[in-house]
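Residue-level listing of the chains:
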Amino acid sequence: MELPLIQHILRLILSATIAATAVAGPSLATPAKEAPWLPEAAAYRLTLFLGNLAPVPWDKVEQAWSEPYRGSEFSVGAFDRLDRESFIDVSGVTEAIEKQDRQAVYTAATRLIALRIEEELDAALIAGDPASAQQAMAEAKELYRAFADHIKAADPAAARTLGRAWLELNNAAGSTGVLGAGAKPQDSDAMTAARTVISSYLTQNYLVDNLTPRQTLNAVPETIAKTGRPVDLPATLPPGSDIFDQDPLPRLVLNFEEQGIDETDLPLIAYGDMLFDSAEIFGGPARELGIACSTCHNRSDINQRFFIPGASHQPGAVDVDGAFFNPMFNDRRDDPIDIPSLRGLRFTGPYGRDGRFASLRDFSRNVIVNEFAGDEPSPFMLDALVAYMTEFDFLPNSMLTGDGQLTETAPDAARRGEKIFNRPFAGMGNQSCASCHTPSGNFLDRKSHDIGSVALGYVGSRTGALDTPTLLGTVYTAPYFHDGALPTLASVVDWFDDTKNLGLTEAARSDLTAYLETIGAADEPYESFDAVNTPFRLAFAELTTFASTLDTLLPKRDAEHILVLTDTVAADLAADAGTMANLSARPEVYTLANRLADVGSAVRAEDWEAAEASWSLFKADAAAIQERAF
Amino acid sequence: MPHMNRRHLLMLTSAGLATFSMPVLAQSDRLRLAFIPQENPEKLLGDIEAITSWLSEEIGVPVEGFVTIDHAAAVEALRNGDADISFMGALPFVLAEKEIGAVPLLSEVYRDAPSYTGRVFVRRDSGFKTLADLEGRDIAFADPISESGYMYPLAEFERAGVIAGPKDAEDFFGRIFFAGGYQQAMQAMAEGLVDAAGASQYADLLLTPLQQSQVTWIAESEAIPSHVVIARPELDASLRQRFVNAMMKLNMPEHRDKLRYLYGPDGYVATDPSVYDGVRKMAQRYGLL
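Because the structure is a prediction, the values reported are computed rather than measured.

Basis of the calculations
Residues numbered from 1 in each chain as written. Chains lettered and ligands numbered in written order. Predicted model: local features only at pLDDT ≥ 70, side-chain atom pairs only at ≥ 80, totals over all residues. Heavy atoms only, no water. Helix = DSSP H or I, 4+ residues; strand = E, 2+ residues; numbered from the N terminus. Rg over C-alpha atoms; globule rule 2.2 N^0.38 Å. Contact = heavy atoms within 4.5 Å. Areas by Shrake-Rupley, 256 points an atom, 1.4 Å probe, with all protein chains shown as cover. Lys, Arg positive; Asp, Glu negative; His and termini not counted. Charge placed at Lys NZ, Arg CZ, Asp CG, Glu CD. Buried < 20%, exposed > 50% of the residue type's maximum accessible area, 1.4 Å probe, protein only. Axes fitted to C-alpha atoms, helices over the stretch in contact; angles between N-to-C directions. Parallel < 35°, antiparallel > 145°, perpendicular 65-115°, else oblique. Left-handed = near helix turned anticlockwise from the far one by under 90°. Nonpolar A, V, L, I, M, F, W, Y, C, P; charged D, E, K, R; others polar. Pairing = 2+ DSSP bridges. Core = buried A, V, L, I, M, F, W, Y, C linked by side-chain atoms within 4.5 Å. pLDDT = per-residue confidence, 0-100. Polar contact = N/O pair within 3.5 Å; in protein donor to acceptor, adjacent residues only side chain to side chain. 1 Å grid on protein atoms, 1.4 Å probe; cavity = no way out; pocket = protein on both sides within 12 Å on 5 of 7 lines; lining within 4 Å. Points joined across faces, edges and corners; volume = space filled by probe spheres on them. Phe/Tyr/Trp six-rings, centres within 6.5 Å; stacked < 30°, edge-to-face > 60°. Salt bridge = Lys/Arg side-chain N within 4 Å of Asp/Glu carboxyl O. Disulfide = S-S within 2.5 Å.

Colleague: Please clarify how the overall build of chain A should be interpreted in this entry.
Modeller: Within chain A, the secondary structure is distributed over 26 helices and four strands. A globule of 630 residues ought to have a C-alpha radius of gyration of about 25 Å, and chain A, at 27 Å, matches this closely. Each principal axis of the C-alpha atoms in chain A carries an extent, and together these give about 80 × 65 × 55 Å. Once local pairs closer than 6 in sequence are excluded, the contacts in chain A between residues at least 24 apart make up 67%. By element, 52% of the accessible surface of chain A is carried by carbon and sulfur atoms, the whole surface being about 25,900 Å². For chain A, the distance from the average site of its 50 positive side-chain charges to the average site of its 89 negative ones is 2 Å.

Okay, here's the thing in structure tokens:
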């Protein structure tokens, strides 16, 4: 029985893979949600992903099979589920993992998935009723998903044949009807014929004793792999990844905006805003996956849910110099860091957790070129990014003055805590908390200190020094420390008390925590939405503002920067339309996105007249649908 | 598609039903709700506990909930008094109405409406503009007993005059596939495995953002009543009214958060048997009623 509910549709979870959004055309900053993975299919995809990291994190490969993937709907991992649901011997996989033999793991895991598909297809064919047959087929199809996108990339004709076979199989399985009505009998011959198509392909391509060794582990069919023909595989994130926006969405405080200045009157800043949201400035998998600056630092804040297995040790953290984003920049150290907030950025230099970059411009270039494998950005692009990012302000906090003093609205406990904050402690070299977190200087001192929070890489190293972070807005940026090791501000107080022998009483620790929670608070930390003021409306306003820079760029005939803009904004506008509450206005938004794409196409063809015409149409259309754009 | 283990469901069902095996035909001192699982039964059990405890407080009698294996089991539970209330789609309801005299109480509201539609989707680049363009082409539907994923979209071909009735569909199309769900039907269309898909008006949201921008629809059905909360006919009138009153409170801002425990609609409106006249006619047209 198909469920008609929109909620059920939404709960089914938008099915197509993140990869599918990235196969063709410009990258999208709006990722597609993934349908939940079956544990063994998830373990396989995680094995491929982790097996391509250097060095291979074998502990995580083992976990991929023994534990549920992060966010899994299943309470058990792949091995436990197989033990319960399957007769297939998994020792090949376990032994290969134990030996840390990459090729053997790959071969055994690939065979395992293919055998599982066969096992479920067997169950479907011998099932006595349509419901059981469809249950087994659905399972087989979900397992096939572990191979599907790579088959499609490597062997599109076979992907189509197999796609039709799956359709035939489901169709031939019949239907139980509902309450005794509408039953449709099985067609066993048709089921067998369709199954044969699928099984033959699996036999030739996945149930192979010795799969061709591959430099990059993938699910490319063996018959294609052994030809040596290169296959352009879509970049994918493994199950458990999360690159979605924060919920609730942090409030963005831009200096110019608070002063009532319209961003469309600030083309350099508006272009920088666009670049901050653009995956086009990155390269490699980040670009394909639609990862932009704003993916981690959305709304100038931190994305506490960001998580990529193998690159993140916990949500809100990432190793930006690992093997995934840019192998050239891989430092071969498993050292993910907690994503820092960019609020008040112009006051928080130097940049990087250890303050390695004095200049925000240099830091930004390093992010683009080295961390995320992008092309060298133009001076204009760096100027624009810096111009935009230096507009990020701290969240207003009525309990705090501009020079870091508590106002009358601050609670008494915070006042008591303030005194402790300013008190020198012998355990801290007769310095106080305020010595580094200077209240009148946005609670930082722009220096690096080794407070003993970093596990040293080698004996005698001086690599423990980290840039003093601001304490403003920290109520909303948990967890704390460079690696996010401490979950609460109270635990930060406890850490200092314990490691620096501060000798604080429980009441004093509570007061000091209250002080941190007061100076780290905000009057309005999050955006508020309603039926019409929706996240899409916010996105629509942003994207049309980005586009407004064409008023400056088109007269200058600046093709390079126009194309970055049109490729980014046209794709994002179309992708974001899927999030609209006002679904009936979606076709208009698609048309609007096409107008902008037309600007790009005309510029590529050096037809500036056509570009100007499409841009005029875009502006007219955007104004016309603004009211309905929610 | 979330995996649903049939064996697991059976276990849940037997465990759930075991607790409620006493006949309760005439009882008005407690209320029993039969839930048909849509996806993760483990989650459903947690949801049931949350909503029934709230309903107990509101109604003033113990409210208990359990999971049934399918519609037939829910209707059977209503028939023999093991359940007083259940939740199901409009088609199963009209069948249950005929079978046991089930009474519709409340209709789910989504996006401000207690109804939805079925649509015929095609790829934008296909060039198909009308239903007649699909003659000889392949189409995927969700399921043969899906209102929005088969019956109502196919009826649009009849209304457009390109087929005389459901039985002519095989001759009109190249192939008809029942893909197993909206998502499967839509993916088959979006990927070019078939030329069109018949599915719920919201089914394109199951595609990727890129795919969504690449598909459109060329026909939309008349309104289909959304899921319905039903009662067994013998349920005590006062208890039924108190249940309806409590459920209507879920529309209030302070209680809206509990809707997520009940298949997650945006709210409920009162409904009556006349709302389902169209569904009954449609069921008759397809020989289901």
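Colleague: What is the right way to read the overall build of chain B from this model?
Modeller: The secondary structure content of chain B amounts to ten helices and 13 strands. Across the 289 residues that make up chain B, the buried fraction comes to 60%.

Colleague: Help me understand the packing of helix α3 (residues 39–51) of chain A against helix α8 (residues 130–154) of chain A, please; the structure alone is not making it clear to me.
Modeller: Packed helix pairs are characterised by how far apart their axes lie and by the angle those axes make with each other. Residues and elements named next belong to chain A. Two numbers describe how α3 lies on α8: the axes approach to 9 Å, and their chain directions differ by 15°. Taken together, the axis directions place α3 and α8 in an arrangement best described as roughly parallel. As α3 packs across α8, the resulting crossing turns out to be right-handed. Contact residues: α3 offers E40, A41, Y44 and R45, while α8 offers E139, E142, L143, R145, A146, F147, D149 and H150. Its residues assigned to classes, the contact of α3 with α8 shows five nonpolar, one polar and six charged.

Colleague: What's the story with the sheet that holds strand β3 (residues 85–88) of chain B in this structure? I'm lost.
Modeller: The pairing of strands in a sheet comes from backbone hydrogen bonds and takes either a parallel or an antiparallel form. All names here are of chain B. The strand order β2-β1-β3-β12-β4-β13 describes an open sheet built from six strands, whose pairing is mixed. Two strands close off the open sheet at either side, each with one partner strand: β2 (63–67) and β13 (267–270). On average, adjacent strands in this sheet sit at an angle of 25° to one another, irrespective of strand direction. The sheet strands contacting helix α3 (residues 71–79) are β1 (31–35), β2, β3 and β12 (228–231), and the helix crosses β3 at an angle near 155°. The sheet contacts of helix α4 (residues 90–100) involve β3, β4 (103–109) and β12, and relative to β3 the element is tilted by about 135°.

Colleague: What is the right way to read the nonpolar core from this model?
Modeller: In summary, soluble globular proteins display a tendency toward joint burial of nonpolar side chains. Judged by nonpolar contacts, the single largest core of 143 residues is most densely connected at W65, I117 and F147 of chain A. With sequence-adjacent residues up to four places away left out, W65 of chain A is seen in contact with E40, A43, Y44, T47, G77, A78, F79, V93, I97, A109 and L112 of chain A. In this structure, L179 of chain A together with I36, Y116 and Y268 of chain B belong to the second largest nonpolar core, which totals 105 residues.

Colleague: Even after reading the chapter, I still don't get the sheet that holds strand β6 (residues 118–123) of chain B, so can you show me in this structure?
Modeller: Residue and element names in this part refer to chain B. The strand order β8-β7-β9-β6-β10 describes an open sheet built from five strands, whose pairing is mixed. In the strand order of this sheet, the two ends are held by β8 (176–178) and β10 (215–220), each with one partner. This sheet shows a mean twist of 30° between the axes of neighbouring strands, independent of strand direction.

Colleague: Would you mind showing me how to read the side chain of K258 of chain B here?
Modeller: Residue and element names in this part refer to chain B. Tracing the chain through its elements places K258 in the loop between α9 (237–249) and β13. The class for K258 is buried, based on a relative accessible area of 14%. Excluding anything up to four places from it in sequence, K258 contacts I51, W54 and L250.

Colleague: What is the right way to read unusual backbone geometry from this model?
Modeller: Leave glycine aside and you will find that most residues have negative phi; peptide bonds, for their part, are mostly trans. Residue and element names in this part refer to chain A. Of note, the bond from A54 into P55 is cis; its omega dihedral lies within 30 degrees of zero at -5°. Structurally, P55 is set in the loop between α3 and α4 (58–66). Although it is not a glycine, Q100 sits at a positive phi angle of roughly 55°. For Q100, the position within the fold is in the loop between α6 (91–99) and α7 (102–126). For Q100, a relative accessible area of 47% translates into the label partly exposed. Its identity as a non-glycine residue notwithstanding, A373 has a phi of 60°, on the positive side.

Colleague: Explanation requested: the confidence of the model for chain A in the structure shown.
Modeller: Close reading of the predicted structure is inappropriate where its pLDDT is low. For chain A, the average pLDDT comes to 94, and 95% of its residues sit at 70 or higher. Contacts from residues 1–26 of chain A, a stretch scored under 50 in pLDDT, to residues over four places away or in other chains number 98 contacts.

Colleague: I'm lost on the side chain of T208 of chain B in this one. Help?
Modeller: Residue and element names in this part refer to chain B. Relative to the assigned elements, T208 resides in the loop between β9 (196–200) and α8 (209–214). Using a relative accessible area of 2% as the deciding quantity, one classes T208 as buried. A distance of 2.9 Å separates the side chain of T208 from the backbone nitrogen of Q211, its partner in a polar contact.

Colleague: Would you mind showing me how to read empty space enclosed by the protein here?
Modeller: Empty space left among the atoms is revealed by rolling a probe the size of a water molecule over them. Going through the model one piece at a time under the given rule, you end up with six cavities of 30 Å³ or more. As a volume, the second largest cavity reaches approximately 50 Å³. Around the second largest cavity sit Q134, N170, N171, G174, S175 and K184 of chain A together with A142, D143, P144, F178 and G180 of chain B, which together line it. Here the lining of the second largest cavity is built from residues that sort into three nonpolar, six polar and two charged.

Colleague: Which parts of the structure should I look at to understand the packing of aromatic side chains?
Modeller: To describe a pair of aromatic rings, you give the distance between the ring centres and the angle between the ring planes. Taken as a whole and judged by the stated rule, the model has 35 aromatic pairs over all chains. Here the aromatic rings of Y44 of chain A and F147 of chain A are separated by 5.5 Å at their centres, their planes lie at 85°, and the arrangement is edge-to-face. Of this pair, Y44 of chain A sits in helix α3 while F147 of chain A sits in helix α8, and the two are 103 residues apart along the sequence. Of the two residues, Y44 of chain A and F147 of chain A, both sit in the buried class. Centre to centre, the rings of F157 of chain B and F173 of chain B are 4.9 Å apart; their planes meet at 75°, and the pair counts as edge-to-face. Here F157 of chain B, found in helix α5 (residues 147–159), pairs with F173 of chain B, found in the loop between α6 (169–172) and β8; they are 16 residues apart in sequence, far enough to count as distant. Exposure class is identical for F157 of chain B and F173 of chain B. Each is buried. Linked through ring pairs, F141, Y150, F157, F172, F173, F178 and Y286 of chain B together constitute an aromatic cluster.

Colleague: Help me out: how do you make sense of the packing of α8 of chain A against helix α9 (residues 156–172) of chain A in this one?
Modeller: Residues and elements named next belong to chain A. Where α8 contacts α9, the axes come no closer than 10 Å and their chain directions differ by 170°. Judged by the angle between their axes, α8 and α9 are roughly antiparallel. Contact residues: α8 offers Q134, M137, A140, K141, Y144, I151, K152, A153 and A154, while α9 offers P156, A159, L162, W166, L169 and N170. For the contact of α8 with α9, the per-class residue count stands at eleven nonpolar, two polar and two charged.

Colleague: Would you mind going over the environment of L538 of chain A with me for this structure?
Modeller: Residues and elements named next belong to chain A. Tracing the backbone shows L538 in helix α22 (residues 535–547). In the structure, L538 is positioned 92 residues away from F630 in sequence and 8.3 Å away in space, judged by C-alpha atoms. Apart from the residues within four sequence positions on either side, L538 is in contact with L249, R299, E527 and F529.

Colleague: Looking at this structure, how should I read the pairing of β3 of chain B?
Modeller: All names here are of chain B. Both faces of β3 are covered, namely the face carrying I85 and F87 and the face carrying S86 and M88. Relative to β3, β1 is paired through two bridges, and the arrangement is parallel. Residue L33 lies in a different strand from β3, and its bridge partner there is I85.

Colleague: How should I be thinking about the pattern of salt bridges in this particular structure?
Modeller: Working definition: two side chains of opposite charge can pair if their charged atoms are close together. Tallied over the full model, the rule gives 51 salt bridges over all chains. Residue R280 of chain B is joined to D277 of chain B by a salt bridge in which the shortest nitrogen-to-oxygen separation is 2.7 Å. One end of the pair, R280 of chain B, and the other, D277 of chain B, are both in helix α10 (residues 277–285), three residues apart, so they sit about a helical turn from each other. What makes D277 of chain B partly exposed here is its relative accessible area of 39%. Several salt bridges converge on common partners, so that one network encompasses E40, R81, R116, E119, E120 and E139 of chain A.

Colleague: Mind showing me how you'd approach the state of the cysteines here?
Modeller: Disulfide: a covalent bond formed between the sulfur atoms of two cysteine residues. All names here are of chain A. As enumerated under the stated definition, the model contains zero disulfides over all chains in all. With no disulfide of its own, C296 lies closest to C293 among cysteine sulfurs, the gap being 9.0 Å. Here C433 stays unpaired: no disulfide links it, and the sulfur of C436, its closest cysteine neighbor, is 9.0 Å away.

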